[in-house]
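Listed below, chain by chain, are the residues.
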Amino acid sequence: MQNDLGNLCPQCATAAYRDPIDNLAGLGRWSMVRGAPHLCLSEMAMRLLGMAPGDGTPWMERVVPEDRPALDAALLEIIARGASVSCEFRLAEPAHGVRWLRLQSVAAEQRMVATGMLTDITGIKRAALRERFNFALTQYLIGTDTLDEAVYKIIHLVCEELGWEWGAFWAPERHGEAEVLRCRHVWHGAGRDYSPLRGVAATQGVAPGEGPVGQAWGSGQSLWVDASGEHGDSARVRAARHCGLQSGFFFPVTYVAGDGRLHSAGVLEFFSDAPRQREAQLPGLAESISALIAQTGQRMAQQERVRVLAQTDEMTGLFNRAHFHALLDAACAQGERFGLMYIDLDQFKPINDGFGHAAGNLVLCEFAGRLRQLAPAGARVARLGGDEFALMSPPGWEQQALDALAAAVLEAARARFNYLGHDLSVSASIGVSMFPLHGADTAQLLHAADAAMYLSKRNGRNLVSYFCSESDTQQRVVAAQLLMLSALQDALQRAEFFLEYQPIRDLRSDRVVGLEALIRWRKADGAIVPPDQFIPVAEQSRLIVFIGRWVIEQVCRDLPRLRAAGMPDIQVHVNMAAPEFLDEDLPRELMAIVSAAGVDPARICLELTEGVIMRRIDKTLPIMRELVRLGFEISLDDFGMGYSSLSLLKTLPISSIKIDRVFLQGVPHDRDDCAIVRTIIDLGLNMQLRVIAEGVESAAQLDFLRQFGCTQVQGYLPGRPVVLARLLEPA
């Protein structure tokens, strides 16, 4: 049946009928008597099948062999049942290449004559193929991580989808002073020996302009080659001919980069075992392929830039903190022994303060460069922030190797840095921890190395210290202080502070003449934090100033209640910290507080230690005089424990001095303590100052103080600290 239907009826073979409408629409009509061995074709149908009147070649021979079974089945359906069918098939013609046709029939179950149309759908098929190919190409490129992987996937896709037997990618590389192209990726189908072509690809370096690869690279234009044609003498084409390949297509992968210049990534090469020039889809897709590869390359370059920026310290070019932590995580997961150095530059802040941040940045960048040069292969160097750096040794390092590297780092830090002709000097404090000896994960190792670094700081700097229990203990103290500072800030906001008052009793009248305000901290859970735990922490920050202002404000709220309870002349002593008395605004702020509360400033006595006054006498003395002028009194606390000179003491605007409790401990049995206390009492009386003895706990101490003329006393014997409500209770 196939052979019969492949022939034309005798009438069509000599003079096919012509219809101008068919020619205008590009449609070919056909008909046949069901059961007869011939097709009747219009002139347009014959033209679509590549035939002319008088052509005796059966048209079925032009159908691509793979498509003949489907076409046979469709024709049999028409003959047997008069069915309405639609069948697509390809024709291979020497003059036009491969074209797609669609054969359709009108249902003719009750008729003996079947009719239908032929249409050329080559354009539709090629458009659909391009769309499908571009979609597949885009999907391939989205999922790739490297340009090499993307190119290999493209070669595979072209060969599989477009029917090419061989594909390769040639990329440029430097060969001495010259540039050559070398084959980077190859893909080919199975069932054929490609060793000749592979051998040339593996060994041949192509110069620009040499052979079809070099010509496509040099000219920037695509190129067709015929294995038996003008390029037949090329080694590349000869190898393809030996593999049974006939035609090749070469095109450059080019793109316009961000700098506006045309860049070429390489040359793509494809070979087929059939002549492909006329019907090949690849030339029409070459531009899209090149553009997509270029976009992928640009995307990957941008992703690489983003990755580098995300992992790199912008100033020094070293790894940043986040990425270094990730590297430490990975090293710990591998489980092999390594060392971690935590490096902090000594005396870096004076450089910033004295010469500016430009000088500080120069020191950081140059030191980073020195670390990079010192780092052995496999080591990782990072800037953790500020003037802190870290170095992770290669796996397997012992302490001896770490010692030598740490010594080199110390030397690198000590070498002078030149800034605008000035030689700047720093040193380094280094702490070292070992995995897994000092920690099983990143957090533990960094904590241990940081603690060891602080041990180097405390022991004089410019040192290397390994983690030990002493460094860990000190680190925990520092951490506890930081937590305490944070808790103190919360305590101020949550009103967790309160005051207790300890009486100051006059020995001559035996009545309470003053109270010392003592701050207390009750946490939310009811626990009381002793002042000697939180006051030193607060004094290390500006927080002590805010706490001091709170104490003054609370005292001003309590003084009216004391006056109403029958103590109108009572004076409250308030301890002041050093940061408070270095603030020139202190007199104005304190006066604003007492004025708002309607309190006489004379009812408040501000207590300062000798150390506070003498540390910055030039700043504290004017502030003290201004406070006294405004009506406040000032008392010198812990007298005898500082280093004030008597010549300066007489210039201080103070109204009283307090004998420190440490001298009362030996009274009246210790000869030296008794002598010191008597001397202080005599000094105060001769300077017309009230003398207050702190820490009085026994009747013997009280008798001694009364005997030698002490004015006032304070301690557990005269009265323990109590809250205001307890103090105001009736006796």
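All values reported here derive from a predicted model rather than from experimental measurement.

Enquirer: Describe the nonpolar core, with residues and values.
Expert: One finds V555, I604 and L705 to be the most contacted residues of the largest nonpolar core, which totals 74 residues. Listed in part, the 33 residues of the second largest apolar core include I351, A406, L410 and L424.

Enquirer: Residues and numbers for the environment of V555, please.
Expert: Within the element layout of this structure, V555 appears in helix 19 (residues 543-564). Sequence separation between V555 and A517 is 38 residues, and the spatial gap between their C-alpha atoms is 7.5 Å. If sequence neighbours within four positions are ignored, V555 has contacts with L499, Y501, A517, V572, V574 and I604.

Enquirer: Please provide a residue-by-residue account of the side chain of D344, values included.
Expert: Mapping D344 onto the fold places it in strand 12 (residues 338-346). Within the local environment of D344, its side chain forms a polar contact with the side chain of K457, the two groups lying 2.4 Å apart. Look past the residues within four positions of D344 in its chain and what remains in contact with it is D387, E388, S427, A428, S429, M453 and K457.

Enquirer: Pulling in residues and values, what's your account of empty space enclosed by the protein?
Expert: Within this structure, the stated rule accounts for 1 cavity of 30 Å³ or more. The computed volume of the largest cavity comes to approximately 40 Å³. Along its surface, the largest cavity is lined by L559, R563, M567, P568, I570, V599 and R603.

Enquirer: Now, about the pattern of salt bridges: what can you tell me, with residues and values included?
Expert: The final tally for this structure, using the stated rule, is 33 salt bridges. R549 is the partner of E589 in a salt bridge, and the nearest nitrogen-oxygen pair spans 2.7 Å. Taken together, the positions of E589 in helix 21 (residues 586-597) and R549 in helix 19 put the pair 40 residues apart, joining distant regions of the chain. The exposure class assigned to E589 is partly exposed, which follows from its relative accessible area of 25%. R549 gets classed as buried once you look at its relative accessible area, which sits at 10%.

Enquirer: I'd like to hear about the state of the cysteines, residue by residue, with values.
Expert: Covalently bonding the sulfur atom of one cysteine to the sulfur atom of another cysteine gives a disulfide. A complete count under the given rule lists 0 disulfides for this structure. Left unpaired, C183 is separated from the closest cysteine sulfur, that of C159, by 12 Å. Among the cysteines around C710, which has no disulfide bond, C674 carries the closest sulfur, lying 13 Å off.

Enquirer: Please set out the packing of helix 14 (residues 357-374) against helix 15 (residues 399-414) residue by residue, giving values where relevant.
Expert: Direction vectors running N to C along helix 14 and helix 15 enclose 155°, while the axes themselves pass 10 Å from each other. It follows that helix 14 is roughly antiparallel to helix 15 by the angle criterion. By crossing handedness, the relation of helix 14 to helix 15 is classed as right-handed. Together, F367, R370, L371 and L374 of helix 14 and L405, A408, V409, A412 and A413 of helix 15 make up the contact between the two elements. Residues that form the contact of helix 14 with helix 15 fall into these classes: 8 nonpolar, no polar and 1 charged.

Enquirer: With reference to specific residues and values, describe the environment of S195.
Expert: Tracing the backbone through its elements, the reader meets S195 in helix 8 (residues 195-203). Sequence separation between S195 and A240 is 45 residues; the distance between their C-alpha atoms is 9.9 Å.

Enquirer: Can you lay out the sheet that holds strand 17 (residues 427-435) for me, pointing to particular residues and giving the numbers?
Expert: Strand order in this open sheet of 5 strands is 13-14-12-17-18, and the pairing throughout is mixed. Each edge of the open sheet is held by one strand with a lone partner, namely strand 13 (380-385) and strand 18 (464-466). Each neighbouring strand pair of the sheet contributes to a mean axis angle of 20°, computed without reference to strand direction. As judged from the 3 bridges shared by strand 17 and strand 18, these two strands associate in the parallel manner. From the neighbouring strand, V432 faces strand 18, where its bridge partner is Y466. Each of strand 12, strand 14 (388-392), strand 17 and strand 18 touches helix 15; the most contacted strand, strand 17, lies at about 160° to it.

Enquirer: Please provide a residue-by-residue account of helix 9 (residues 211-219), values included.
Expert: Within the sequence span of helix 9, burial applies to P212, V213, G214, A216 and W217. Of the residues trailing helix 9, G220 is marked for its positive phi of about 75°.

Enquirer: So what about helix 11 (residues 282-311)? Which residues, and what values?
Expert: If you check helix 11, its first and last C-alpha atoms are 41 Å apart, about what 30 residues at 1.5 Å a residue would give, namely 44 Å. Considered for burial, the residues of helix 11 that qualify are L282, L285, A286, I289, S290, L292, I293, A294, T296, M300 and Q311.

Enquirer: Give me the packing of helix 21 against helix 23 (residues 617-630): which residues, what numbers.
Expert: Running from N to C, helix 21 and helix 23 cross one another at 25°; their axes reach a closest spacing of 9 Å. Our classification of the angle between helix 21 and helix 23 gives roughly parallel. By crossing handedness, the relation of helix 21 to helix 23 is classed as right-handed. Note on element contacts: helix 23 touches helix 21 through I623, E626, L627 and L630, opposite L586, P587, L590 and M591.

Enquirer: Pulling in residues and values, what's your account of the packing of aromatic side chains?
Expert: One pass over the full model with this rule turns up 14 aromatic pairs. Consider the rings of F250 and F271, whose centres lie 5.6 Å apart with planes at 85°: the pair is edge-to-face. Here F250, found in strand 10 (residues 247-256), pairs with F271, found in strand 11 (residues 262-272); they are 21 residues apart in sequence, far enough to count as distant. No difference in accessibility class separates F250 from F271, as the two residues are buried. Ring centres of F251 and F270 lie 6.3 Å apart, and the angle between their planes is 15°; this geometry places the pair in the stacked category. Residue F251 is located in strand 10, and its partner F270 is located in strand 11; the two are separated by 19 residues in the primary sequence. Judged by relative accessible area, which is 3%, F251 ranks as buried. Taken together, the ring pairs in this structure connect W164, W224, F249, F251 and F270 into an aromatic cluster. Just above the ring of F417 sits the side chain of R370; from NZ or CZ to the centre is 3.9 Å.

Enquirer: Describe the pairing of strand 23 (residues 604-609), and please don't skip the residues or the numbers.
Expert: Of all 6 residues in strand 23, 5 are buried, a share of seventy percent or more. For strand 22 (residues 571-575) and strand 23, the ladder comprises 4 bridges, and the chain directions are parallel. For V572, the partnering residue across the bridge sits in strand 23 and is I604. Of the strand pairs in this sheet, strand 23 and strand 24 (residues 633-639) are connected by 5 bridges, and their pairing is parallel. Note that in strand 24 the partner of L608 across the bridge is L636.

Enquirer: Requested: an account of the layout of surface pockets, with residues and values cited.
Expert: Summary: where empty space remains is shown by rolling a probe the size of a single water molecule over the atoms. Looking at the largest pocket, its volume works out to about 1000 Å³. If you go around the largest pocket, you meet 37 residues; those closest to its centre are E516, L518, P531, N575 and D637. Contributing elements (two or more residues each) for the lining of the largest pocket: strand 19 (497-506), strand 20 (511-522), helix 18 (531-539), helix 19, helix 20 (578-581), strand 23 and strand 24.

Enquirer: Hey, could you go over the environment of I21 for me, with residue numbers and the actual values?
Expert: As for its position among the elements, I21 is in helix 3 (residues 20-25). Residues I21 and M44 lie 23 residues apart in sequence; the distance between their C-alpha atoms is 9.9 Å.

Enquirer: How would you explain the pairing of strand 22 if you had to name every residue and give the values?
Expert: In regular strands, side chains alternate between the two faces of the sheet. The buried fraction of strand 22 amounts to 4 of the 5 residues, a majority that puts the element mostly inside the structure. Of the strand pairs in this sheet, strand 20 and strand 22 are connected by 4 bridges, and their pairing is parallel. Considered in strand 22, the bridge of L515 is made with V572.

Cut-offs and rules
- Residues numbered from 1 in each chain as written.
- Predicted model: local features only at pLDDT ≥ 70, side-chain atom pairs only at ≥ 80, totals over all residues.
- Heavy atoms only, no water.
- Core = buried A, V, L, I, M, F, W, Y, C linked by side-chain atoms within 4.5 Å.
- Buried < 20%, exposed > 50% of the residue type's maximum accessible area, 1.4 Å probe, protein only.
- Helix = DSSP H or I, 4+ residues; strand = E, 2+ residues; numbered from the N terminus.
- Contact = heavy atoms within 4.5 Å.
- Polar contact = N/O pair within 3.5 Å; in protein donor to acceptor, adjacent residues only side chain to side chain.
- 1 Å grid on protein atoms, 1.4 Å probe; cavity = no way out; pocket = protein on both sides within 12 Å on 5 of 7 lines; lining within 4 Å.
- Points joined across faces, edges and corners; volume = space filled by probe spheres on them.
- Salt bridge = Lys/Arg side-chain N within 4 Å of Asp/Glu carboxyl O.
- Disulfide = S-S within 2.5 Å.
- Axes fitted to C-alpha atoms, helices over the stretch in contact; angles between N-to-C directions.
- Parallel < 35°, antiparallel > 145°, perpendicular 65-115°, else oblique.
- Left-handed = near helix turned anticlockwise from the far one by under 90°.
- Nonpolar A, V, L, I, M, F, W, Y, C, P; charged D, E, K, R; others polar.
- Pairing = 2+ DSSP bridges.
- Expected span 1.5 Å × (residues − 1).
- Phe/Tyr/Trp six-rings, centres within 6.5 Å; stacked < 30°, edge-to-face > 60°.
- Lys NZ or Arg CZ within 6 Å of the ring centre and 35° of its normal.

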